[in-house]
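What follows is each chain in one-letter form.
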Amino acid sequence: TSAVHDSSYFGRIKATGLDVLDLVNRLSTNKVDHLAPGSGAPTILTNDKGRILDLIYVFNLGPYILMLTSPDREEAVIEWLDKFTFVEDISTENITTSTAMITLAGPESHKVLQNMFPEMTAIPLPLTSTESAINNTSVTVVGLDIVGTPGFHIIAPFEDAGRIWNYSTKQGAVAVGEDVWQVLRVESGVPLYGKELGEAFNPLETGLIGGVDFAKGCYIGQEVIARLDTYDKVQRALTRLLINTDRPVEEGTKLVSDGREVGLLTSVVRIPTSGKILGLG
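Below is a summary of the structure that appears in this document. (Residues numbered from 1 in each chain as written. Predicted model: local features only at pLDDT ≥ 70, side-chain atom pairs only at ≥ 80, totals over all residues. Heavy atoms only, no water.)

Here's the deal with the sheet that holds strand 10 (residues 149-157)
Piece 1. Strand order in this open sheet of six strands is 8-9-10-7-1-11, and the pairing throughout is mixed. Either end of the sheet is taken by a strand with one partner, and the two such strands are strand 8 (129-134) and strand 11 (174-175).
Piece 2. Pairing of strand 7 (residues 99-105) with strand 10 involves seven bridges; the strand directions are antiparallel. Within strand 10, the residue paired with Met101 across the bridge is Ile155. (Pairing = 2+ DSSP bridges. Helix = DSSP H or I, 4+ residues; strand = E, 2+ residues; numbered from the N terminus.)

And the structure:
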């Protein structure tokens, strides 16, 4: 099956200029200055203490660079880029409200996508992008592993969102709302800003090591993160939890083992089919 979810609440930034990739490369944890048109990479903006400002996905679309941010973090990312822009050729535009982002996820999502866009010559692999069209509506499709399974973000003008949503459901995608999407996210151990991501945590604690290039050289927060890795000083790790209790459980609850505080419950969901309570901490 394939799920379809309206992910328009995630941030989207359009950046143009010769120095965009170079600047993002100098400010973040992963190597992105080499990205060829059609390719992308996750990277993390960290402050001078190595704490997370946001996890972003950077895609080189050719004429411009697309950055996908966490919900309500697009302005913070733009301000962070502006803060370190001096003579660089870079211009940013917040396109979150002028565009929509419809997400397909699940083992059959590539079939749904192919049926929606029969003229698409190749289904985008994870961390690649392609341009396509549906009834004269131009869209950008990016491949990502989403909620623990292969998936695709379809980015289109805001006014075309309903049409694209209807096309996806006609092709068999099952509409999934926020509650079910959060269950899929927690089941897959995917961190979310404001819960498992934020300035209380560093990238190594949150399982984002795939977005850190230890050989790329300097970036803001690099010394702290390198020291944590070199001296094995990472104190916490993002963990999935099965919670056995009949009592209400709230996010923010302290996790205790043998009378000692060992962590914090950051996300809690109840699986509708089984009633099991799952968490991240």
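Topic: the sheet that holds strand 3 (residues 40-46)
Piece 1. Pairing within the open sheet is antiparallel, and its five strands lie in the order 3-4-5-2-6. Each having just a single partner strand, strand 3 and strand 6 (91-94) make up the two edges of the open sheet. Strand-to-strand twist in this sheet, taken as the mean axis angle between neighbours without regard to direction, amounts to 25 degrees.
Piece 2. The sheet contact formed by strand 4 (residues 52-60) and strand 5 (residues 65-69) spans four bridges and is antiparallel. The partner of Phe59 across the bridge, within strand 5, is Leu66.
Piece 3. Here helix 2 (residues 74-83) sits on the sheet in contact with strand 2 (11-16), strand 3, strand 4, strand 5 and strand 6, set at roughly 170 degrees to strand 6. (Axes fitted to C-alpha atoms, helices over the stretch in contact; angles between N-to-C directions. Contact = heavy atoms within 4.5 Å.)

Side note on the side chain of Asn202
Piece 1. Relative to the helices and strands, Asn202 resides in the loop between helix 5 (178-188) and helix 6 (222-230).
Piece 2. Within the local environment of Asn202, its side chain forms a polar contact with the backbone nitrogen of Leu204, the two atoms lying 2.9 Å apart.
Piece 3. In terms of polar contacts, Asn202 uses its side chain to reach the backbone amide nitrogen of Glu205, at 3.0 Å.
Piece 4. With residues near it in sequence (within four places) discarded, Asn202 still touches Gly50, Arg51, Ile52 and Leu228. (Polar contact = N/O pair within 3.5 Å; in protein donor to acceptor, adjacent residues only side chain to side chain.)

Some words on helix 3 (residues 109-116)
Since the α-helix advances by 3.6 residues per turn, residues separated by three or four positions end up pointing in the same direction.
Piece 1. Within the sequence span of helix 3, burial applies to Ser109, Val112, Leu113 and Met116. Looking down the long axis of helix 3, one finds its buried residues gathered within 100 degrees of arc, a one-sided arrangement.
Piece 2. On its buried side, helix 3 packs onto strand 7, strand 8, strand 9 (137-146), strand 10 and helix 4 (161-170). (Buried < 20%, exposed > 50% of the residue type's maximum accessible area, 1.4 Å probe, protein only. Arc of directions from axis to C-beta.)

Quick look at the pattern of salt bridges
Piece 1. Inspection of the entire model under this criterion finds nine salt bridges.
Piece 2. In this structure, Arg26 and Asp22 form a salt bridge, with 3.2 Å as the shortest nitrogen-oxygen distance. Of this pair, Arg26 and Asp22 both sit in helix 1 (residues 20-27), four residues apart, which is roughly one turn of that helix.
Piece 3. Asp22 sits in the partly exposed class, given a relative accessible area of 34%.
Piece 4. Three or more residues are tied together by salt bridges with common partners; here these are Asp22, Arg26 and Glu88. (Salt bridge = Lys/Arg side-chain N within 4 Å of Asp/Glu carboxyl O.)

Worth remembering: the numbers are spatial, not functional.
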